[in-house]
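Below are the chains, spelled out letter by letter.
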Amino acid sequence: MVSETAQKILALSADEVTKFVKEQAKSRKLSSIMKVLNDAALKGDKLAQRAIEHMGFVLQP
């Protein structure tokens, strides 16, 4: 699931990322997506790290 989600996010253009983040926040799904990506990124998953950065967030251990 993590790699699918990360790949989906990385395939989005900058404009699409903004829309995606807004839609996920509005539907209250963004926090669960971020938790999954963050947990994976902290374990060294580079794809998850790139997806977090692509959305404009910073990974902080």
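Since we're looking at a predicted model, the values are computed, not measured.

Section: the side chain of Gln24
- By secondary structure assignment, the location of Gln24 is in helix α2 (residues 14–26).
- The class for Gln24 is buried, based on a relative accessible area of 14%.

Quick look at the nonpolar core
- One finds Ile9, Phe20, Val21, Leu37 and Met55 to be the most contacted residues of the largest nonpolar core, which totals 16 residues.
- Listing elements by their share of this core, those giving two or more residues are α1 (2–10), α2, α3 (30–42) and α4 (46–54).
- Considering every element that reaches this core, the biggest residue donor is α3, with six residues.

Focus: the environment of Ser13
- Here Ser13 shows up in the loop between α1 and α2.
- When its relative accessible area of 35% is taken as the criterion, Ser13 is described as partly exposed.
- For the pair formed by Ser13 and His54, sequence separation is 41 residues and the distance between their alpha carbons is 9.2 Å.

Quick notes on the packing of α1 against α3
- Running from N to C, α1 and α3 cross one another at 110 degrees; their axes reach a closest spacing of 10 Å. Taken together, the axes of α1 and α3 lie roughly perpendicular to each other. For the pair formed by α1 and α3, the contact residues are Val2, Thr5, Ala6 and Ile9 on the first element and Ile33, Val36, Leu37 and Ala40 on the second.
- Class assignment of the residues belonging to the contact of α1 with α3 gives a composition of seven nonpolar, one polar and no charged.

What counts and what doesn't
- Residues numbered from 1 in each chain as written.
- Predicted model: local features only at pLDDT ≥ 70, side-chain atom pairs only at ≥ 80, totals over all residues.
- Heavy atoms only, no water.
- Helix = DSSP H or I, 4+ residues; strand = E, 2+ residues; numbered from the N terminus.
- Buried < 20%, exposed > 50% of the residue type's maximum accessible area, 1.4 Å probe, protein only.
- Core = buried A, V, L, I, M, F, W, Y, C linked by side-chain atoms within 4.5 Å.
- Axes fitted to C-alpha atoms, helices over the stretch in contact; angles between N-to-C directions.
- Parallel < 35°, antiparallel > 145°, perpendicular 65-115°, else oblique.
- Contact = heavy atoms within 4.5 Å.
- Nonpolar A, V, L, I, M, F, W, Y, C, P; charged D, E, K, R; others polar.

The quantities given are spatial measurements derived from coordinates; they are silent on function.
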